[in-house]
Amino acid sequence: MSETVTINGREHVVDVEDEMPLLWFLRDRLELIGTKYGCGMGLCGSCTVHIDGKAMRSCLTPVSAAYGKSVTTIEGLSPDGSHPLQIAWLNNNVPQCGYCQSGQIMAAADFLASNPAPSAEEIDAAMHGNICRCGTYKRIRKAIADAAEQMRGA
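Residues numbered from 1 in each chain as written. Predicted model: local features only at pLDDT ≥ 70, side-chain atom pairs only at ≥ 80, totals over all residues. Heavy atoms only, no water.

**Q** With reference to specific residues and values, describe the pairing of strand 1 (residues 3–7).
**A** Direction of pairing for strand 1 relative to strand 2 (residues 10–14): antiparallel, over a ladder of five bridges. Along strand 2, the bridge assignment pairs E3 with V14. If you look at the hairpin formed by strand 1 and strand 2, you'll find two residues sitting between the two strands, and N8 has a positive phi there, around 55 degrees. In the sheet, strand 1 pairs with strand 5 (residues 70–72) via two bridges, with the strands oriented parallel. Bridge assignment links I7 to a residue of strand 5, and that residue is V71. (Pairing = 2+ DSSP bridges. Helix = DSSP H or I, 4+ residues; strand = E, 2+ residues; numbered from the N terminus.)

Shown next as C-alpha cells:
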C-alpha cells in the first residue's frame, strides 16, 4: 500500500523508506529546496516546516510521521512572498547570508498563530532554538513584531 502526504496543498505518493528524514524527501525527491539542512540534529532550526500547522524539525522527522498529514514548507507559506512575515523580513533587512531564514520564518509563523500579540521577551523565548549564523536576532525580533502587528490589522 502506498502512503501519501500532502505538501503545500498537493498530495504526493511517498516512494522512499519510512525512516528517510522528511527534509531529504522534500529536497531530493520533490526539489523543494527552500527548507535547508543545517546541523542534522534538530538544534539549529534551518529545516523547520509545519506538519498539520505545527513547527517541526524536518531533519529529525521521518517521512512516515507525515503520512496522511499536511506539510507546509516555506514555498507553501506564501508562493508569491506576500505573507506578512516575508514582507516584514524584507522591510527589516533581516537576511544576510539567508541560510536560516526559511526555518526562522516557519518557526515564527507557528508562534504567531498561537500568540498574535507577543512581547519582545516572548519572541526571544519562542525563537531561542533557531540559530542565525549572521546574528541578525534584533532584526528578526523586530520583523516578527511588525508581522504580528500587520496580521492583527493594526
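After that view, the rundown keeps rolling.
**Q** Can you tell me about the pattern of salt bridges, naming the residues and giving the values?
**A** One pass over the structure, following the stated rule, counts four salt bridges. Here R141 and D124 are joined by a salt bridge, their closest N and O atoms 2.8 Å apart. Taken as a pair, R141 in helix 6 (residues 137–152) and D124 in helix 5 (residues 120–127) lie far apart in primary sequence, 17 residues in all. Given the relative accessible area of 35%, D124 is considered partly exposed. Put simply, D146 and K142 hold a salt bridge, and the shortest N to O gap is 2.8 Å. One end of the pair, D146, and the other, K142, are both in helix 6, four residues apart, so they sit about a helical turn from each other. Here D146 falls in the partly exposed class, since its relative accessible area comes to 25%. Its relative accessible area of 42% is what places K142 among the partly exposed residues. (Salt bridge = Lys/Arg side-chain N within 4 Å of Asp/Glu carboxyl O. Buried < 20%, exposed > 50% of the residue type's maximum accessible area, 1.4 Å probe, protein only.)

**Q** Give a description of the nonpolar core that names residues and reports values.
**A** Among the nonpolar cores identified, the biggest contains 22 residues, and L85, W89, L112 and I144 are the most heavily contacted of them. Breaking this core down by element, the ones donating at least two residues are helix 2 (74–77), helix 3 (84–91), helix 4 (101–114), helix 5 and helix 6. Among the elements that take part in this core, helix 4 stands out by supplying seven residues, more than any other. Ignoring sequence-local partners within four residues, the contact set of L85 consists of I105, A108, A109, L112, I144 and A147. I7, L26, V63 and V71 belong to the second largest nonpolar core, which has 14 residues in total. (Core = buried A, V, L, I, M, F, W, Y, C linked by side-chain atoms within 4.5 Å. Contact = heavy atoms within 4.5 Å.)

**Q** Help me get a handle on the environment of M106, residues and values and all.
**A** Within the secondary structure, M106 sits in helix 4. The spacing of M106 and D18 is 88 residues in sequence and 24 Å in space, taken between C-alpha atoms. Apart from the residues lying within four places of it in its own chain, the contact partners of M106 are T48, V49, H50, T72, T73, I74 and L77.

**Q** Could you give an account of unusual backbone geometry, naming the residues involved and the relevant values?
**A** Residues apart from glycine generally show negative phi values, whereas peptide bonds are mostly found in trans. In this structure, D52 takes a positive phi of about 50 degrees despite not being glycine. The residue D52 is located in the loop between strand 3 (48–51) and strand 4 (54–57) in this model. At N93, a position not held by glycine, the phi torsion is positive, near 50 degrees. Mapping N93 onto the fold places it in the loop between helix 3 and helix 4. Assessed through its relative accessible area of 54%, N93 is described here as exposed.

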